[in-house]
Each structure stands twice: as C-alpha cells, then as structure tokens.
Amino acid sequence: MAENGESTCAKCGRKITAADINCPLCGALTAPGRLEPKSRVAYVLLAFFFGWAGIHNFYAKRTGEGLVQLGVTLLSCGLMLWAVELWVLIEMFTVSRDGRNVPMRGRGILTAAILLAAGALLFFGAVGYPFYLRCRQEAALTGCREHLSRIGAALLLYADENGGAFPAADGIPGFEALPLAEAEVWVCPSGSEQVDFRRLSRRNCSYVYLGGADREQAECPVAFELPGNHARNRVNILYADGRVETHVFPGSVRSAVEVIGVLADLEPDPELKAFLLRKR
C-alpha cells in the first residue's frame, strides 16, 4: 500500500484506497480475508426466474427484501404478483451492492436486458401467434361465406331467368351454368385448390353443388364447401334463399357424401330429406 493510502487492484489495475473493501471496478477483494462479492449476473438470473419468491435477495444477503417479496406473493395468493414482479424488475437494473454493502462483481444490466427481451419475445409469441392464427382463420371463414354468397346471387339470377328453377345438373356442370367469370369465387380462401385454371373442375373448386332445387325451397341446401378447410371442421352451407350459414360437423366428416348424410339426418322436412338422400 502506498504512503497516501492508495494502491492498485491486483486483478484489473484500478486505483483503490485503504477504505475500499472491494475494487469499485471489478469487485475483487482488496486484501486477503475480506468479504467475497456476490455475482450480479447470478443475482439477475435468480431475479428473472425466481423473483416472485425473493430468492435473488436471499442470495445477495438482502434477507429483509426477500422475506417481504415471498410474504406478499404467498399471503395474496398470487394476486399481488404483478407488484412483486415490478419491484423485482426495478431491482434487476438498480441493485449493485449486496446486503453487506459489498459491490457485486460482473455486469448484470446487459444480462437483465437480454432476459427481458427474450421473455418479451416468448410472451408475445405464445400469446400473439395463436391470436394471429385465429384472426387468419376467421378471415378465411368470412371470405368463404362471401364466395358462397356470390354463388347464391348467381343462382338466384339464373332462377329469375328460368322460372325459379336452379341448374338441374349436380356438381361442376351445375356451376358452369351460372353467370360467374371470376376464378377466385370457386376457391375457399383457406383451401388448397388452385385459383388459376382454364376450366372449372373438382381439382380447382372448393364447393359442391346440389342441382334440381328451386328458389321456393328456401330451407334447401344447394351448395356447400368441402370439409377440412376451417378449424373445428366448420363448413359453410348455401341455402336456396341465398343465405349462407356456418355449421360445425364432427371431425370424422371428411367428404362431401358425409356432409350430405349429416344434413339429411338433421333435416325434419321429409321432402328435403328425400332430396338430400338422392344426392348421396
């Protein structure tokens, strides 16, 4: 030790005084037998993962703060957890000395920033991504309903010109009789069919047409989408009066024939039931 009471740290070379228990820069002990500093990185990690229980403060000999944090969490049954976590967050960036007033070694602020950024990404990924998928599914379901509504409008226009009757042919031939030129109408927004085509076919059409009905049979299903395009096996169905309704089918229903079978089983009108059974 120099005559003026100053010396240099053996670890980092910074000037220290006789009053320094630890090096202000690196936290190393200035003399044998003095207190070993706690790691600030370890303090931040414990705060991030176990801050609700005050474990980081117990590690840093800040027993009073740790007991308060643990007590608030337990006594409030978690209702005040948000307040404890806010307190912990502040400690992660501001506490640099332990309960013995010994400077902690290491730079914990960078660790805290990285952990917070990673935690935020995980949180928004866990919460935001399912919400994004749900919104996308609902948008596709709505778009599909709009496509069927346009098909329904074309059917009503056809019926006006043909004595109230819809095209008699089932499937693609019935659709081809309608005055619709837009290719995207025939494809569900969430379907796997190709929009660009030269000729309408089963490979590029998401919908099934049941021919032979007329506009007076308002409750008669005349077209529906193939199952499997939407979550929970929801299927949009077009009725003879032009309205479109969404029905949830059992997960085992995977084909057009099975959809018609379910509709026939649920149909109370004998005439419409017979119509649907003929289409199976």
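A. Seen up close, helix α4 (residues 81–94). Compared with an ideal rise of 1.5 Å per residue, which puts 14 residues at 20 Å, α4 spans 20 Å between its outermost C-alpha atoms and is within 8% of the ideal. Those residues of α4 hidden inside the fold are in contact with α1 (40–50), α2 (55–59), α3 (63–75) and α5 (108–161).

B. Expanded view of the pairing of strand β5 (residues 234–239). Counting buried positions along β5 yields 6 of 6 residues, so the element is predominantly enclosed. The side-chain alternation of β5 yields two buried faces, one formed by R234, N236 and L238 and the other by V235, I237 and Y239. Linkage of β5 to strand β6 (residues 244–248), two consecutive antiparallel strands, is achieved through a turn of 4 residues, within which G242 is found at a positive phi near 95°.

C. Focus on a nonpolar patch on the surface. On the surface, a nonpolar cluster with roughly 840 Å² of combined accessible area is contributed by L79, M80, W82, L86, L89, I90, F93, I109 and L116. The set of elements that each furnish at least two residues to the nonpolar patch consists of α4 and α5. The leading source of residues in the nonpolar patch is α4, at 5 residues. Among the structural elements, I109 can be located in helix α5.

D. The arrangement of the packing of α4 against α5 in detail. Running from N to C, α4 and α5 cross one another at 140°; their axes reach a closest spacing of 8 Å. Judged on the interaxial angle alone, α5 and α4 are oblique. Here L89, M92 and F93 of α4 lie close against α5, whose contacting residues are I109, A112, A113 and L116. Looking at the contact of α4 with α5 residue by residue, the classes come out as 7 nonpolar, no polar and no charged.

E. The layout of surface pockets, seen in detail. Looking at the largest pocket, its volume works out to about 290 Å³. Considering the residues around the largest pocket, the lining is formed by 15 residues, among which G171, R202, V208, Y209 and A256 are closest to the centre. Classifying every residue of the lining of the largest pocket gives 11 nonpolar, 1 polar and 3 charged. In this structure, the second largest pocket spans a volume of roughly 150 Å³. Lining the second largest pocket are E219, P221, Y239, H247, V248, F249, V262, L263, L266, E267 and L276. Where the lining of the second largest pocket is concerned, the elements lending two or more residues are β6 and α7 (256–266). Considering every element that reaches the lining of the second largest pocket, the biggest residue donor is α7, with 3 residues. Tallied by class, residues from the lining of the second largest pocket come to 8 nonpolar, 1 polar and 2 charged.

F. Focus on the sheet that holds β6. A sheet is described by the order of its strands in space; here 4 strands give the open sequence β3-β4-β5-β6, paired in antiparallel fashion. Since the sheet does not close on itself, it has two edges, and those belong to β3 (207–209) and β6, each with one partner. Put simply, the sheet's adjacent strands are angled 25° from each other on average, direction ignored. The sheet contact formed by β5 and β6 spans 5 bridges and is antiparallel. In the sheet register, V235 faces β6, and the bridge partner there is H247. Contacting β3, β4 (221–225) and β5, α7 crosses the sheet at an angle of about 135° to β4.

G. Representation of the side chain of Q69 within the structure. With respect to the helices and strands, Q69 occurs in helix α3. At 3.0 Å, the side chain of Q69 and the side chain of N57 are in polar contact. A polar atom in the side chain of Q69 sits 3.0 Å from the side chain of E91. Q69 has contacts with G51, W52, G54, H56, N57, V84, W87, V88 and E91, leaving out every residue within four places of it along the chain.

H. Inspection of the packing of aromatic side chains at higher detail. Enumeration according to the criterion identifies 4 aromatic pairs in this entry. On the numbers, 5.5 Å between centres and 45° between planes, the contact of F175 with Y209 is tilted. Taken together, the residues F175 in helix α6 (residues 171–176) and Y209 in strand β3 connect sequence positions 34 residues apart. By relative accessible area, F175 is classed as buried at 1%. Sitting over the ring of Y59, K38 keeps its end group 5.0 Å from the ring centre. Between the NZ or CZ atom of R243 and the centre of the ring of Y239, over which it lies, the distance is 4.3 Å.

I. Fine view of the pattern of salt bridges. According to the stated counting rule, one finds 9 salt bridges in the structure shown. A salt bridge links R62 to E65, with the shortest nitrogen-to-oxygen separation between them at 3.8 Å. For R62, a relative accessible area of 15% puts it in the buried group. Two residues, E91 and R62, come together in a salt bridge whose shortest N-O distance is 3.2 Å. Of the two residues, E91 sits in helix α4 while R62 sits in the loop between α2 and α3, which places them 29 residues apart along the sequence. As far as the burial class goes, E91 and R62 line up, both buried. Look at the salt bridges and you will find they share partners, linking E219, D241, R243 and E245 into a network.

Cut-offs used in this document
- Residues numbered from 1 in each chain as written.
- Predicted model: local features only at pLDDT ≥ 70, side-chain atom pairs only at ≥ 80, totals over all residues.
- Heavy atoms only, no water.
- Helix = DSSP H or I, 4+ residues; strand = E, 2+ residues; numbered from the N terminus.
- Expected span 1.5 Å × (residues − 1).
- Contact = heavy atoms within 4.5 Å.
- Buried < 20%, exposed > 50% of the residue type's maximum accessible area, 1.4 Å probe, protein only.
- Pairing = 2+ DSSP bridges.
- Patch = residues over 30% accessible without salt bridge, like charges linked within 9 Å, V, L, I, M, F, W, Y side chains within 5 Å.
- Areas by Shrake-Rupley, 256 points an atom, 1.4 Å probe, with all protein chains shown as cover.
- Salt bridge = Lys/Arg side-chain N within 4 Å of Asp/Glu carboxyl O.
- Axes fitted to C-alpha atoms, helices over the stretch in contact; angles between N-to-C directions.
- Parallel < 35°, antiparallel > 145°, perpendicular 65-115°, else oblique.
- Nonpolar A, V, L, I, M, F, W, Y, C, P; charged D, E, K, R; others polar.
- 1 Å grid on protein atoms, 1.4 Å probe; cavity = no way out; pocket = protein on both sides within 12 Å on 5 of 7 lines; lining within 4 Å.
- Points joined across faces, edges and corners; volume = space filled by probe spheres on them.
- Polar contact = N/O pair within 3.5 Å; in protein donor to acceptor, adjacent residues only side chain to side chain.
- Phe/Tyr/Trp six-rings, centres within 6.5 Å; stacked < 30°, edge-to-face > 60°.
- Lys NZ or Arg CZ within 6 Å of the ring centre and 35° of its normal.

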